[in-house]
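Listed below, chain by chain, are the residues.
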Amino acid sequence: SQKIEQNSEALNIQEGKTATLTCNYTNYSPAYLQWYRQDPGRGPVFLLLIRENEKEKRKERLKVTFDTTLKQSLFHITASQPADSATYLCALDGGRGAAGNKLTFGGGTRVLVKP
Amino acid sequence: GAGVSQTPSNKVTEKGKYVELRCDPISGHTALYWYRQSLGQGPEFLIYFQGTGAADDSGLPNDRFFAVRPEGSVSTLKIQRTERGDSAVYLCASSNIPDTQYFGPGTRLTVL
């Protein structure tokens, strides 16, 4: 069956360092992969999307890589700030030919940036 | 502009009761999604509407769950004979482009 795995342990990191989160998937052939941020009591907020034919995507201090051979995406927050503290969710689409754009989410990784 | 709104923000009900959860999508968004999120987990897909019709309801756990979107805008998720296991945050998202989904704040449902 399809499976998406994110590190369930919280990531504690010092301000200014780079946080790296991992998303691994099995039994999928996604057309794209997305990363969302979720704060307590709020809905997820879209951050970045990377397509299957893209290796890397950047947005401000965020960088995402996508390796369809390894079936893995890495999400980097550079020069991290306490305001980056949140849960980060990886999400995959239904794959080629799937109707609509329903997303399947990983369990999320909580990041805590300490001043 | 206004984002996705969901009402109520919190709903406490007793086992066996009927509940309705409402979602107001971003104006003009044709696609609407319902997800359910349990504590410590990622959102889980329930149902997807394109316009007024349910294009994919494969995530609805059983026939106690039903959703409508009669005019292609507001959607209501209905749960009959609620069970304690239905307790979760119910998230709604809308979209007008194929990729990005915009989520509401969710409704926290507690079944006692």
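**Student:** Explanation requested: the state of the cysteines in the structure shown.
**Tutor:** Here a disulfide denotes one covalent bond, and it connects the sulfur atoms of two cysteines. All names here are of chain A. Taken as a whole, this structure holds two disulfides over all chains when the rule is applied. Across the disulfide, Cys 23 is cross-linked to Cys 90 (sulfur-sulfur distance 1.9 Å). Judged by the sign of its S-S torsion, about -50°, the bond between Cys 23 and Cys 90 is left-handed. Placement of Cys 23 in strand β3 (residues 19-26) and of Cys 90 in strand β9 (residues 86-92) is noted, with a sequence separation of 67 residues between them.

**Student:** Would you take a moment to explain the side chain of Arg 36 of chain B for this structure?
**Tutor:** Mapped onto the secondary structure, Arg 36 of chain B falls in strand β4 (residues 31-37). Beyond its immediate sequence surroundings of up to four residues, Arg 36 of chain B is in contact with Gly 42, Pro 43, Glu 44, Leu 46, Pro 61, Phe 65, Gly 85, Asp 86, Ala 88, Val 89 and Tyr 90 of chain B.

**Student:** Mind showing me how you'd approach the packing of aromatic side chains here?
**Tutor:** The geometry of two aromatic rings is summed up by the distance between their centres and the angle between their planes. Taken as a whole and assessed by the stated rule, the structure comprises 12 aromatic pairs over all chains. Ring centres of Tyr 36 of chain A and Phe 103 of chain B lie 5.7 Å apart, and the angle between their planes is 85°; on these two criteria the pair is classed as edge-to-face. Within this pair, whereas Tyr 36 of chain A is found in strand β4 (residues 32-38), its partner Phe 103 of chain B is found in strand β10 (residues 102-103), the two belonging to separate chains. Summarising the burial analysis for this pair, Tyr 36 of chain A and Phe 103 of chain B share the class buried. On the numbers, 5.4 Å between centres and 35° between planes, the contact of Phe 75 of chain A with Tyr 88 of chain A is tilted. Taken together, the residues Phe 75 of chain A in strand β8 (residues 72-77) and Tyr 88 of chain A in strand β9 connect sequence positions 13 residues apart. Here Tyr 88 of chain A falls in the buried class, since its relative accessible area comes to 2%. The rings of Tyr 36, Phe 46 and Phe 105 of chain A together with Tyr 33, Tyr 35, Phe 45, Tyr 48 and Phe 103 of chain B are connected pair by pair, giving a single aromatic cluster.

Parameters and conventions
- Residues numbered from 1 in each chain as written.
- Chains lettered and ligands numbered in written order.
- Predicted model: local features only at pLDDT ≥ 70, side-chain atom pairs only at ≥ 80, totals over all residues.
- Heavy atoms only, no water.
- Disulfide = S-S within 2.5 Å.
- Helix = DSSP H or I, 4+ residues; strand = E, 2+ residues; numbered from the N terminus.
- Contact = heavy atoms within 4.5 Å.
- Phe/Tyr/Trp six-rings, centres within 6.5 Å; stacked < 30°, edge-to-face > 60°.
- Buried < 20%, exposed > 50% of the residue type's maximum accessible area, 1.4 Å probe, protein only.

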